[in-house]
Amino acid sequence: EAGVAQSPRYKIIEKRQSVAFWCNPISGHATLYWYQQILGQGPKLLIQFQNNGVVDDSQLPKDRFSAERLKGVDSTLKIQPAKLEDSAVYLCASSLGFSQPQHFGDGTRLSIL
Amino acid sequence: GNSVTQMEGPVTLSEEAFLTINCTYTATGYPSLFWYVQYPGEGLQLLLKATKADDKGSNKGFEATYRKETTSFHLEKGSVQVSDSAVYFCALSRGGGADGLTFGKGTHLIIQP
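Residues numbered from 1 in each chain as written. Chains lettered and ligands numbered in written order. Predicted model: local features only at pLDDT ≥ 70, side-chain atom pairs only at ≥ 80, totals over all residues. Heavy atoms only, no water.

As for the overall build of chain A
Across its full length, chain A carries zero helices and 11 strands. Listing each helix as α and each strand as β along chain A from the N terminus yields β-β-β-β-β-β-β-β-β-β-β. Relative to its length of 113 residues, chain A is compact, with a C-alpha radius of gyration of 13 Å against a globular reference of 13 Å. Taking the principal axes of its C-alpha atoms as reference, chain A extends roughly 35 × 25 × 25 Å. Counting all 113 residues of chain A, 45% fall into the buried class. Sequence separation of at least 24 residues holds for 53% of the intrachain contacts in chain A that already meet a minimum separation of 6. Just so you have it, chain A exposes about 5,700 Å², and 50% of that area is on carbon and sulfur atoms. When the 12 basic and 10 acidic side-chain charges of chain A are each reduced to a single mean position, those positions are 5 Å apart. (Helix = DSSP H or I, 4+ residues; strand = E, 2+ residues; numbered from the N terminus. Rg over C-alpha atoms; globule rule 2.2 N^0.38 Å. Buried < 20%, exposed > 50% of the residue type's maximum accessible area, 1.4 Å probe, protein only. Contact = heavy atoms within 4.5 Å. Areas by Shrake-Rupley, 256 points an atom, 1.4 Å probe, with all protein chains shown as cover. Lys, Arg positive; Asp, Glu negative; His and termini not counted. Charge placed at Lys NZ, Arg CZ, Asp CG, Glu CD.)

A word on the packing of aromatic side chains
Counted according to the given criterion, the structure contains 12 aromatic pairs over all chains. An angle of 40 degrees between the planes, with centres 5.6 Å apart, marks the rings of B:Phe62 and B:Tyr88 as tilted. In this pair, B:Phe62 is assigned in strand 8 (residues 62-65) and B:Tyr88 in strand 10 (residues 86-93), connecting sequence segments 26 residues apart. The rings of A:Tyr33, A:Tyr35, A:Phe104, B:Phe34, B:Tyr36, B:Phe89 and B:Phe103 are connected pair by pair, giving a single aromatic cluster. (Phe/Tyr/Trp six-rings, centres within 6.5 Å; stacked < 30°, edge-to-face > 60°.)

Structural notes on the side chain of A:Gln48
Here A:Gln48 lies in strand 5 (residues 44-50). The exposure class assigned to A:Gln48 is buried, which follows from its relative accessible area of 0%. Among the polar contacts made by the side chain of A:Gln48, one reaches the main-chain amide nitrogen of B:Gly100 at a distance of 3.4 Å. Not counting chain neighbours up to four residues away, the residues in contact with A:Gln48 comprise A:Thr31, A:Leu32, A:Tyr33, A:Gly53, A:Val54, A:Val55, A:Asp56, A:Phe98, B:Gly97, B:Ala98, B:Asp99 and B:Gly100. (Polar contact = N/O pair within 3.5 Å; in protein donor to acceptor, adjacent residues only side chain to side chain.)

Quick look at the interface of chain A and chain B
Contact residues are listed per partner, giving 21 residues for chain A and 18 residues for chain B. Both faces considered, chain A and chain B share a buried interface measuring about 1,300 Å² in area, 53% of it formed by carbon and sulfur atoms. Where chain A packs against chain B, one counts zero salt bridges. Taken together, the connections running from chain A to chain B amount to five residue pairs in polar contact (both at pLDDT 80 or more). (Buried area = accessible area lost by both parts, 1.4 Å probe. Salt bridge = Lys/Arg side-chain N within 4 Å of Asp/Glu carboxyl O.)

Side note on the sheet that holds strand 7 (residues 56-59) of chain B
The pairing of strands in a sheet happens through backbone hydrogen bonds and is either parallel or antiparallel. Residue and element names in this part refer to chain B. Strands sit in the order 3-9-8-7 across an open sheet of four strands; the sheet is antiparallel. Each edge of the open sheet carries a strand with a single partner, namely strand 3 (19-21) and strand 7. Direction aside, neighbouring strands of the sheet carry axes that sit 20 degrees apart on average. In the sheet, strand 7 pairs with strand 8 via four bridges, with the strands oriented antiparallel. Counted as the bridge partner of lysine 56 is threonine 65 from strand 8. (Pairing = 2+ DSSP bridges. Axes fitted to C-alpha atoms, helices over the stretch in contact; angles between N-to-C directions.)

And the structure:
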């Protein structure tokens, strides 16, 4: 089966600019997650969707980060405006449902200048 | 809140040596516990999991036992190979609906021939 697809693989922007990341989960996976992985640390959950509804966004910096999954399939994560500390790899994961194994994409590496 | 602490790396071993990577956690309730692995140039992959106390997860010669009394989930392998060189992440999920993962910082394992 095809894995979790993410694009772009790399992105370089200047601080205060906007950026968006795209994720296409594994077909049939109802649950989708976005994680932020700063260099030298483990991934940190930003937001979890179940179909097109938000289950957990308690760690999402809502003043600058937003995410949507309008049709319950693809998802986009946006940062506006970006700060230097947002430099990280942004990982998308999906699973069949609650308490099922999560499958990760290769991530988008974001560099802020 | 939930947290995971794992031993700092890098850990360097010779081929066929015994491996232990320590992991302890703090969580309310009864979390599920996981080990994820990231091989060079690849995405995060689930290595093994345990969902309740005294469960043992195993895969590819690796094992870990869910110890509630010591809040630990140490990863072990009896004889490591060069191909086991990777970054290993311990993680927990509180389960139920909001089952996003809380990761440790990761342990870089280097196996020398």
